[in-house]
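# Summary of the model geometry
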Amino acid sequence: MEKVRLGILGVGVRGKDSMHLFAKMPDVEITAICDLYFDRVEFAANECEEGVGYKPFYTTDYKEVIYRDDVDAVMIATSWESHIPLAIEVMRTGKPVAMEVGGAYSVKDCFELVRVQEETGTPFMFFENCCFDEIELLATSMVRNGVYGEIVQCEGGYPHDLRDEVLYGNRNRHYRLRNYMHRNCENYPTHELGPIAKLLNINRGNRMVSLVSIATKSAGIKEYIRSHPGEIDEDLVDKEFMQGDIVDTIITCAHGETIHLKLNTSLPVIGGRGFTVRGTKACSVSSQFFKGYSKDYSRNLLDYKQYMPKCWQEMTDDKRRIYGHGGMDGIEFRTFIDCIKYNKPMPIDVYDAAAWMCISCLSEASIAQGGKPQEIPDFTHGQWMIRESLDVVEFPKVENN
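This structure is a prediction, so every number in the text was calculated from the model and none was measured.

Counting residues in each nonpolar core, the largest one holds 126 residues, and the members touching the most others are Phe22, Leu113, Phe124, Tyr148, Met208 and Phe336. Broken down by element, this core gets its largest block of residues, twelve residues, from helix α16 (residues 350–368). Ignoring anything within four residues of it in the chain, the contact list for Leu113 reads Ile84, Ala87, Ile88, Met91, Met99, Phe124, Val350 and Ala353.

So this is what it looks like as structure tokens:
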């Protein structure tokens, strides 16, 4: 396949940004786009024409996109609750699908996603871009090269004050509003969990076994409403929001490692995912690296360039700017297109999607039951014990670690 003709479902902020990035690839053509809102999809189509010189077909009916003869593959960037149903329908057409991130609403939905992919054999990739970020890939490369020794615990978080996004959801037509009103869970687990799961070989020699979750009260959203009088829609002023300000989730793995996730999206917060890897020989917290038995060994993780994968060694300032999210989006999107063109396995597959997304609904159950442990299903049907490791990129092999 010389050129992949791509259809995009959902052209809100994330979908529209993705459209622009894909359209800049010489072997990709955006042939069709869809959104529930006509003004959005019309605006996106016009922007595409201004950017690359052609206007894709646009519609508010997703079926008119996924069944088109000039659509070879589909990207889903719609609201969280529509991801799995849409991915299932696309897979039944036989067209490769990329599904953006978000948490699941039931374990049953996750099993159905896996069942349909196994039944159809349609290529499926879960679009967790943080798996392609520089620090996460560098740390994973060093783990693969034995620098950290035996891994004991990993941590990650999503500290991001989203109150303006949530509370203006009616005006911006943003799905976060209804989720924060009606659910209390780790609603966005995969940015922090995805890179950790790949590092720990989850579903490929290891698996997540159980979790416990606890949540604080919901106070940050009410404070935002009080401090912005007259700005918030009146029907939200006296509303109760279910979503706790901070949610902590501890996951236990089959080989004894633990994973700590922290969601913090409705309080003032300092950003950064806090990606942490603790091993018997070394530890890193974001870009800070310790090796040995003393903090005297503290260095910047980015000093260990010999472990950097090729995609980041070749990253330029222009690419960082163009590729999106500092460069990781471009690497992720390129991986998806190359897997389609050259018939390679998707490095973040349907088993990863199911295992990572189910954390949302399981955390919801654990919180509702006072932190009661919840079993995490094995979506691989026992195959996790024999599936070979598959990283999202190739890592260099370094001697004398």
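Now that the structure has been shown, the text picks up again.
Given a rise of 1.5 Å per residue, 14 residues ought to cover 20 Å, and the 20 Å separating the end C-alpha atoms of helix α5 (residues 107–120) matches this to within 8%. If you check which residues of α5 are buried, you get Cys110, Leu113, Val114, Val116 and Gln117. End-on, the buried residues of α5 take up no more than an arc of 165°, which puts them together on one face. The outward face of α5, more than 90 degrees from its buried face, is lined by the exposed residues Lys108 and Glu119. Turning to α5, the residues buried within the fold contact α4 (83–93), β5 (97–100), β6 (124–127) and α16.

Turning our eyes to something else, we now look at the sheet that holds strand β15 (residues 374–375). Pairing is mixed in the open sheet, where nine strands are placed in the order β14-β13-β12-β11-β7-β10-β9-β8-β15. Bordering the open sheet on either side are β14 (299–300) and β15, each of which pairs with just one other strand. Where strand β8 (residues 208–215) and β15 come together, two bridges link them in antiparallel fashion. By the bridge assignment for β15, Ser210 is matched with Glu375. Sheet contacts for helix α10 (residues 190–199): β7 (151–159), β8, β9 (246–253), β10 (258–264) and β11 (276–279); angle to β7, the most-contacted strand, approximately 160°. Packing of α16 onto the sheet brings it into contact with β8, β9, β10 and β15, and relative to β8 it is tilted by some 50°.

You can see Arg207 is positioned in the loop between α10 and β8. Despite being buried, Arg207 has no salt bridge partner; Asp378 is the closest side chain of opposite charge, sitting 4.9 Å away. Once residues lying within four places of it in the same chain are set aside, the contact partners of Arg207 are Ile202, Cys253, Ala254, Ile376, Pro377, Asp378 and Trp384.

Cut-offs used in this document
- Residues numbered from 1 in each chain as written.
- Predicted model: local features only at pLDDT ≥ 70, side-chain atom pairs only at ≥ 80, totals over all residues.
- Heavy atoms only, no water.
- Core = buried A, V, L, I, M, F, W, Y, C linked by side-chain atoms within 4.5 Å.
- Buried < 20%, exposed > 50% of the residue type's maximum accessible area, 1.4 Å probe, protein only.
- Helix = DSSP H or I, 4+ residues; strand = E, 2+ residues; numbered from the N terminus.
- Contact = heavy atoms within 4.5 Å.
- Expected span 1.5 Å × (residues − 1).
- Arc of directions from axis to C-beta.
- Pairing = 2+ DSSP bridges.
- Axes fitted to C-alpha atoms, helices over the stretch in contact; angles between N-to-C directions.
- Lys, Arg positive; Asp, Glu negative; His and termini not counted.
- Salt bridge = Lys/Arg side-chain N within 4 Å of Asp/Glu carboxyl O.

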